[in-house]
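Residue strings, one per chain:
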Amino acid sequence: MSSNVLVIGAGGREHAIVRSLSMSPHVARIDVAPGNGGTAGEPKTRNVTPDVLSDVESPAAIAEYAVAHDIDLVVIGPEAPLVAGVADAVRAVGIPVFGPGESAARLEGSKKFAKDFMVRHNVPTSAYYVFASGQRDEAFSQLERMGAPVVIKADGLAAGKGVTVATTLDEARAALSECFDGRFGAAGDTVVIEECLVGPECSVLCFVDGETVVPMAPSQDHKRVGEGDTGPNTGGMGVYSPVPMVDAVTYGTMVRTMQEVASALATEGIEYRGVLYGGFMLTSAGPQVLEFNVRFGDPETQVLLPRLRTDFFEAMYACATGKLADTTLEFSDDLKGVSVVMASAGYPGSYETGVSITGIDDAEAIEGVQVFHAGTTRDEDGTVRTAGGRVLNVTTLAPSFGLAIERAYEAVDRIDFEGAFFRRDIGQKAL
């Protein structure tokens with residue numbers, strides 16, 4: 001079987017997906033829409049320019065492209081096309097899709113839907129309250145009753161920036177005002193106020209084909225922009241895998257929760273095919289669910305896929321076609337993974353783009369290092385430039401976390417672009 005694959009997305013997650021797919025002997029061609037400066041240089045791969053496919057969130061446009069270009073599998077990276085129903089449109093024309101349909105994507109597209117779903121099915125999670133924009137006074141009154149710390153979430157998609165873990169009431173009031181005052185657009189018209197759970201966070205991603213759940217190795221993201229987990233939340237500033245603090249019992253509990261969620265979706269008549277991401281807080285009462293994502297995490301993917309030894313295309317295709325029961329996901333248990341995000345000055349606020357980047361090849365010359373492009377473009381002469389807030393993911397695999405961390409930062413120090421910044425403490429919790 002020699003297949004053509006269409007990957008939707010432009011971030012570091014998509015670059016990691018493309019690189020892993022390109023290694024499969026079953027893949028003939030990979031189209032990436034719109035792709036980035038890194039995907040443009042991968043084997044078997046071509047970026048789809050906007051003049052060919054201008055709207056990657058359009059269900060009709062993606063389905064039309066897939067038919068016209070003999071695509072055998074569509075892989076949807078970001079959440080927005082999933083919430084828009086792209087997977088449904090592609091499946092309707094008979095092409096397998098790795099990614100859930102619109103009804104399942106509500107688990108990420110609406111914080112309210114996710115919390116209500118968890119309560120309906122007794123999934124362990126925090127207490128919460130939901131308020132619409134017309135209930136501003138009631139929301140602030142509830143906030144005063146709860147006190148701090150407390151979590152404020154915009155209901156809809158906000159590119160990973162719609163969640164505030166407020167340690168003071170003043171911070172919580174400001175976050176609530178931001179939502180109601182339109183900082184996140186329609187995503188903030190409804191707000192979820194949650195009890196703040198205490199403990200370390202951990203993510204477990206699982207392949208789900210509607211019946212079978214195949215878990216991946218656990219990982220731990222670093223959400224805050226500043227060292228020591230300070231400052232505002234971001235899309236993620238770095239990650240490591242596996243997670244030494246997660247013992248077999250805790251991991252088993254999280255996996256059972258994910259299996260129960262998949263079964264609950266099926267009982268509600270929702271077919272789920274793709275990756276289901278469970279974000280957990282490891283509390284004194286056991287793992288509790290903070291959130292679900294309906295796609296590969298970013299930057300978790302950039303540290304998980306390099307550790308994967310299973311043919312990635314075979315696993316994805318089996319999941320998309322409902323044949324996951326015969327699939328296992330094997331990881332390199334003897335290798336530890338660390339990935340550091342290099343970001344543009346100002347992120348997660350406003351930042352410049354178009355800044356030239358040097359040193360990527362020098363960084364990748366270090367043993368075990370891979371650099372995934374997250375927000376980049378490539379000029380005709382090969383010059384790589386910044387094109388986003390999170391610019392690069394510098395990933396290292398090594399026999400120990402200490403060596404992985406050392407090599408990751410040696411690689412980071414070889415890369416240069418004006419305004420670059422990164423956290424220096426990624427992976428320290430693993431030690």
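Residues numbered from 1 in each chain as written. Predicted model: local features only at pLDDT ≥ 70, side-chain atom pairs only at ≥ 80, totals over all residues. Heavy atoms only, no water.

Asks: Would you mind going over empty space enclosed by the protein with me for this structure?
Replies: Empty space among the atoms becomes apparent when a probe as large as a water molecule is rolled across them. Evaluated as defined, the whole model comprises one cavity of 30 Å³ or more. Looking at the largest cavity, its volume works out to about 50 Å³. Looking at the largest cavity, the residues that line it are Ile17, Val75, Ile76, Gly77, Leu82, Phe98, Gly99, Pro100, Val275, Val294, Arg295 and Phe296. Its residues assigned to classes, the lining of the largest cavity comprises nine nonpolar, two polar and one charged. (1 Å grid on protein atoms, 1.4 Å probe; cavity = no way out; pocket = protein on both sides within 12 Å on 5 of 7 lines; lining within 4 Å. Points joined across faces, edges and corners; volume = space filled by probe spheres on them. Nonpolar A, V, L, I, M, F, W, Y, C, P; charged D, E, K, R; others polar.)

Asks: Just to check I follow, could you spell out the nonpolar core for this structure?
Replies: Across soluble globular proteins, nonpolar side chains have a tendency to be buried as a group. Core analysis: the biggest nonpolar cluster contains 76 residues, and Val74, Leu107, Val338 and Leu392 have the highest contact counts within it. Per-element accounting of this core gives the leading share, seven residues, to helix H13 (residues 401-414). Contacts of Leu107, omitting those with residues within four sequence positions, involve Phe113, Ala114, Phe117, Leu265, Leu276, Phe292 and Val294. (Core = buried A, V, L, I, M, F, W, Y, C linked by side-chain atoms within 4.5 Å. Buried < 20%, exposed > 50% of the residue type's maximum accessible area, 1.4 Å probe, protein only. Helix = DSSP H or I, 4+ residues; strand = E, 2+ residues; numbered from the N terminus. Contact = heavy atoms within 4.5 Å.)

Asks: Honestly, the sheet that holds strand E16 (residues 274-283) in this entry has me stumped. Any pointers?
Replies: Across a sheet, paired strands are connected by hydrogen bonds in the backbone, their directions being either parallel or antiparallel. On the basis of which strands lie adjacent, the open sheet formed by four strands has the order E11-E10-E16-E17 and antiparallel pairing. The sheet is open, and its two edges are formed by strand E11 (213-215) and strand E17 (286-293), each paired on a single side. Going across the sheet, the axis of each strand differs from the next one's by a mean of 35°, ignoring polarity. Of the strand pairs in this sheet, E16 and E17 are connected by seven bridges, and their pairing is antiparallel. Bridge pairing links Tyr277 to Asn293 in E17. Together, strand E10 (201-208), E11, E16 and E17 form the strand contacts of helix H9 (residues 248-267), whose direction differs from that of E16 by roughly 135°. (Pairing = 2+ DSSP bridges. Axes fitted to C-alpha atoms, helices over the stretch in contact; angles between N-to-C directions.)

Asks: Would you explain the sheet that holds strand E19 (residues 356-357) in this entry?
Replies: Reading across the sheet, the three strands line up as E19-E22-E21 and stay open at both edges, with antiparallel pairing between neighbours. On the outer flanks of this sheet lie E19 and strand E21 (376-378), each paired with one strand and no other. Where E21 meets strand E22 (residues 384-386), three bridges bridge the pair, whose relative direction is antiparallel. Bridge pairing in E22 links Arg378 to Val384.

Asks: I'm lost on the packing of helix H7 (residues 136-146) against helix H8 (residues 169-180) in this one. Help?
Replies: Each pair of packed helices gets described by two things: the angle between the helix axes and the distance between those axes. Relative orientation of the contacting elements H7 and H8 amounts to 160°, with a least axis distance of 11 Å. Classified by the interaxial angle, the pair formed by H7 and H8 is roughly antiparallel. For the pair H7 and H8, the sense of crossing is right-handed. Touching Arg136, Ala139, Phe140, Leu143 and Glu144 of H7 are Leu169, Ala172, Arg173, Leu176, Ser177 and Phe180, all from H8. Here the contact of H7 with H8 is built from residues that sort into seven nonpolar, one polar and three charged. (Parallel < 35°, antiparallel > 145°, perpendicular 65-115°, else oblique. Left-handed = near helix turned anticlockwise from the far one by under 90°.)

Asks: It is not clear to me how helix H1 (residues 12-22) should be interpreted in this structure. Could you clarify?
Replies: With 11 of its 11 residues buried, H1 lies for the most part within the structure. Within the sequence span of H1, burial applies to Gly12, Arg13, Glu14, His15, Ala16, Ile17, Val18, Arg19, Ser20, Leu21 and Ser22.

Asks: Please clarify how the layout of surface pockets should be interpreted in this entry.
Replies: Its volume calculated, the second largest pocket comes out at about 250 Å³. Along the walls of the second largest pocket sit 15 residues, with Val163, Thr164, Arg183, Pro232 and Asn233 positioned nearest its centre. Breaking the lining of the second largest pocket down by element, the ones donating at least two residues are strand E8 (163-166), H8 and strand E14 (230-233). In terms of residue class, the lining of the second largest pocket is made up of six nonpolar, four polar and five charged.

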